[in-house]
Amino acid sequence: METRAVLRSVHLSAQKGRLVADLIRGKPVDQAIHILSFTPKKGAQLIKKVLESAIANAEHNDGADIDALKVKRIHVERGTYLRRFHARAKGRGTRVLKHTCHIYVTVGD
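All values reported here derive from a predicted model rather than from experimental measurement.

J.: What's the story with helix 3 (residues 42-62) in this structure? I'm lost.
T.: For an α-helix, 3.6 residues make a turn, and residues three or four places apart therefore share a direction. A rise of 1.5 Å per residue sets the reference length of helix 3, with its 21 residues, at 30 Å; its end C-alpha atoms lie 30 Å apart and thus fit the reference within 8%. Considering only its buried residues, helix 3 is in contact with strand 1 (2-10), helix 1 (14-24), helix 2 (29-37), strand 2 (70-78) and strand 5 (101-108). Just beyond helix 3, the residue with positive phi is G63, at close to 65°.

J.: Any chance you could explain the nonpolar core here in plain terms?
T.: I47, L51, I103, V105 and V107 are the most contacted members of the largest nonpolar core, which has 26 residues in total. Breaking this core down by element, the ones donating at least two residues are strand 1, helix 1, helix 2, helix 3, strand 2 and strand 5. Top contributing element to this core by residue count: helix 3, with seven residues. The residues touching I103, leaving out its near neighbours within four places in the chain, are A5, V6, L7, V10, L46, I47, V50, H75 and V76.

J.: In this structure, what is going on with the packing of helix 1 against helix 3? I would like to understand it.
T.: Packed helices, taken two at a time, are described by the angle between their axes plus the distance between the axes. At a minimum axis separation of 9 Å, helix 1 and helix 3 run at an interaxial angle of 55°. Considering their axes alone, helix 1 and helix 3 lie oblique with respect to each other. By crossing handedness, the relation of helix 1 to helix 3 is classed as right-handed. Contacts between helix 1 and helix 3 involve G17, V20, A21 and I24 on the former and, on the latter, G43, A44, I47 and L51. Class assignment for the residues of the contact of helix 1 with helix 3 results in six nonpolar, two polar and no charged.

J.: What's the story with the environment of K27 in this structure? I'm lost.
T.: When you line up the elements, K27 lands in the loop between helix 1 and helix 2. The exposure class assigned to K27 is partly exposed, which follows from its relative accessible area of 26%. Between the alpha carbons of K27 and L69 there is a distance of 9.0 Å; along the sequence they are 42 residues apart. Excluding residues within four positions of it along the chain, K27 makes contact with I35, K70 and V71.

J.: Sorry, what's going on with the sheet that holds strand 1 here?
T.: Within a sheet, adjacent strands bond to each other through the backbone by hydrogen bonds, running parallel or antiparallel. The antiparallel open sheet is built from three strands, whose spatial order is 1-5-2. Strands at the two margins of the open sheet, each flanked by one partner only, are strand 1 and strand 2. Averaged over neighbouring strand pairs, the angle between their axes works out to 10° when direction is ignored. Alignment of strand 2 against strand 5, held across eight bridges, turns out to be antiparallel.

J.: Mind showing me how you'd approach the side chain of S13 here?
T.: Tracing the chain through its elements places S13 in the loop between strand 1 and helix 1. Setting aside its immediate chain neighbours within four residues, S13 contacts H99 and C101.

Calculation notes
- Residues numbered from 1 in each chain as written.
- Predicted model: local features only at pLDDT ≥ 70, side-chain atom pairs only at ≥ 80, totals over all residues.
- Heavy atoms only, no water.
- Helix = DSSP H or I, 4+ residues; strand = E, 2+ residues; numbered from the N terminus.
- Expected span 1.5 Å × (residues − 1).
- Contact = heavy atoms within 4.5 Å.
- Core = buried A, V, L, I, M, F, W, Y, C linked by side-chain atoms within 4.5 Å.
- Buried < 20%, exposed > 50% of the residue type's maximum accessible area, 1.4 Å probe, protein only.
- Axes fitted to C-alpha atoms, helices over the stretch in contact; angles between N-to-C directions.
- Parallel < 35°, antiparallel > 145°, perpendicular 65-115°, else oblique.
- Left-handed = near helix turned anticlockwise from the far one by under 90°.
- Nonpolar A, V, L, I, M, F, W, Y, C, P; charged D, E, K, R; others polar.
- Pairing = 2+ DSSP bridges.

So this is what it looks like as structure tokens:
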């Protein structure tokens, strides 16, 4: 039995999100939450929120035992860019790309 949770269009680059996702892949959910609680990165708080949502989905929708759950799959994909312009000299502008990503978490027995 597997249960998913998804967070889309997060204001975080995919590369930075993958650094945090690699820390908890394959771990039991209680250990993963402890790791994310003490990781001082922005992505850790976002992934922790998605992981807690996946745990709640498994408990409510599938009646799963929380103590037996593990992080089966977690991956972070690149989302769309938010395109902004930064004013430069002589009336010009430079494009600024603000990265977004999608976070997918699957928990199971």
